Each structure stands twice: as C-alpha cells, then as structure tokens.
Amino acid sequence: MHIHRSERIWLTFGLAMMAVFLATITTAAVVDGIVPPSNVQTIDPAKVSQTPPFDHPGLHKLANGSYEAYYVAHIFSFEPHHLSVPLGAHVTFYVTSTDVEHGFSVPETGINTMVTPGWVSTVSHTFTKPGKYLLVCNEYCGAGHQLMADAIEVR
Ligand code: CUA
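Because the structure is a prediction, the values reported are computed rather than measured. In this numbering scheme, every chain counts its residues from 1 along its sequence in written order. The predicted origin of the model limits local features to residues at a pLDDT of at least 70 and limits the giving and counting of side-chain atom pairs to 80 or more, whereas totals for whole chains, interfaces and linings rest on all residues. Water and hydrogen atoms play no part in the side-chain values, which are based on all heavy atoms of the structure.

(A) Highlighting the overall build of the protein chain. Counting its secondary structure elements, the protein chain contains one helix and eleven strands. Helix and strand labels come from DSSP, where a helix needs a run of H or I of at least four residues and a strand needs a run of E of at least two; each type is numbered from the N terminus. Secondary structure elements of the protein chain, listed N to C terminal, follow the sequence α-β-β-β-β-β-β-β-β-β-β-β. Taking 155 residues into account, the globule formula puts the C-alpha radius of gyration at 15 Å, and the protein chain, at 20 Å, lies well above it. Categorising residues by exposure relies on relative accessible area from a 1.4 Å probe, with only protein chains included: less than 20% of the type maximum marks a residue as buried, more than 50% marks it as exposed, and the intermediate range marks it as partly exposed. Counting every position in the protein chain, which comprises 155 residues, the buried fraction comes to 35%. Contacts between residues were defined by any pair of non-hydrogen atoms, one from each residue, lying within 4.5 Å. Counted over contacts in the protein chain with a minimum sequence separation of 6, partners at least 24 positions apart contribute 61%. Of the roughly 9200 Å² of accessible surface on the protein chain, a fraction of 62% belongs to carbon and sulfur atoms. Note that His is not counted, nor are the chain ends; the positive residues are Lys and Arg, and the negative ones are Asp and Glu. One atom stands in for each charge, and that atom is NZ of Lys, CZ of Arg, CG of Asp or CD of Glu. Separation of charge centres in the protein chain, based on 7 positive and 12 negative side chains, amounts to 7 Å. Atoms counted for the radius of gyration: C-alpha only. Globule rule: 2.2 Å times the number of residues to the power 0.38. Under the convention used here, a 1.4 Å probe and the Shrake-Rupley method define accessible areas, while residue burial counts only the protein chains that appear.

Put into structure tokens, the structure is as follows:
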C-alpha cells in the first residue's frame, strides 16, 4: 500500500500528539497523584449505607450556623430525594456514589461536580434566593440517566 509522503507526515504527527496526551494524563494521574475534581476523602462504595454520615443522608446543621448536606447518588436517583434549605444558608455538599460515575449539578448556582464511586465530592453554596432548585445528574450513567433529578427547596 502506498501512502503519500504528506499523509505519512500528518499521520506521524497525529500519533505523536496522542502519545504526548497519553503521557501527560498518565504523568498527572500517577506521578502528581491527580484525583477526580473536588474530592477530598475516599469511601468504600460497597459500604456507603453503613458509613456515617452517609448512613443518614440529608441536611445537618453545624454549631457555627452553617450546614452540611450528605448525598448518595446511585442509579437512577439521589438520596435524599428532597432537601429543604433555610434561606441564606451556607451549605457544603458531600456527595458519593455507590455504583457508577454520576454528576451533581444545580443549574444557576455554580454547584456542579462529578461523583465518582470511592470518592467524596465536595461543593459549597450560599442560597440567597428562595425557590425550588433542580438538582440533576449531568454525567451519562445509564438507561435511566434522564430520570435522575431531584429538588432542593429554599425558603
Ligand atoms: Cu446519574 Cu446520570
């Protein structure tokens, strides 16, 4: 088979770029210890329902007046199914998955993180506007992905 010289140069360039990208990702993951975004802790995905505080998902008030919300994502829903948040509350969300990669996104708030099994994703937000917020999974996670939505009510 004859390959034109220009095409051979272009193919070599393309393959070299792929090799560079792969080496970059591998270096970042292995050498620099890069982990999924906003993850600070690890958790055994098979034991989430027995691991406090994920054994009681929901909103918890802290002594300093702020809040922590613990969420468990699994195909195809979130726990808790509904969250009631007082107006003005500063909430730090801790989210983990028991099965596959999910997303945790509340449009128009800046809350948006990947949820990786084995990791706890963290994201914070201060709810200054009352209303019903939509919480959606924005990572394709299977046949029921489009059903994976929930509500956060601020009042
Ligand atoms: Cu969970 Cu898409």
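(B) Inspection of a nonpolar patch on the surface at higher detail. Within this analysis, patches are made of residues with over 30% relative accessible area and no salt bridge. Like charges are joined at 9 Å or less; nonpolar side chains (Val, Leu, Ile, Met, Phe, Trp, Tyr) at 5 Å or less. Any Lys or Arg side-chain nitrogen found within 4 Å of a carboxyl oxygen on Asp or Glu counts as a salt bridge. Taken together, the side chains of Trp10, Phe13, Met17, Val20 and Phe21 define a hydrophobic patch exposed on the protein surface, amounting to about 550 Å² of accessible area. Residue placement: phenylalanine 21 occurs in helix H1 (residues 5-31). Overall, phenylalanine 21 belongs to the partly exposed group, its relative accessible area being 48%.

(C) Layout of the domain arrangement of the protein chain. Taken domain by domain, the protein chain comprises domain 1 (1-35) and domain 2 (41-154). For the purposes of this description, domain bounds are those given by an automatic or database domain assignment. For domain 1 and domain 2, the distance between their C-alpha centres works out to 37 Å.

(D) H1, seen in detail. In this analysis, the expected span of each helix is defined as 1.5 Å times one less than the number of residues it contains. If you check H1, its first and last C-alpha atoms are 38 Å apart, about what 27 residues at 1.5 Å a residue would give, namely 39 Å. Phi turns positive, to about 65 degrees, at glycine 33, one or two residues after H1.

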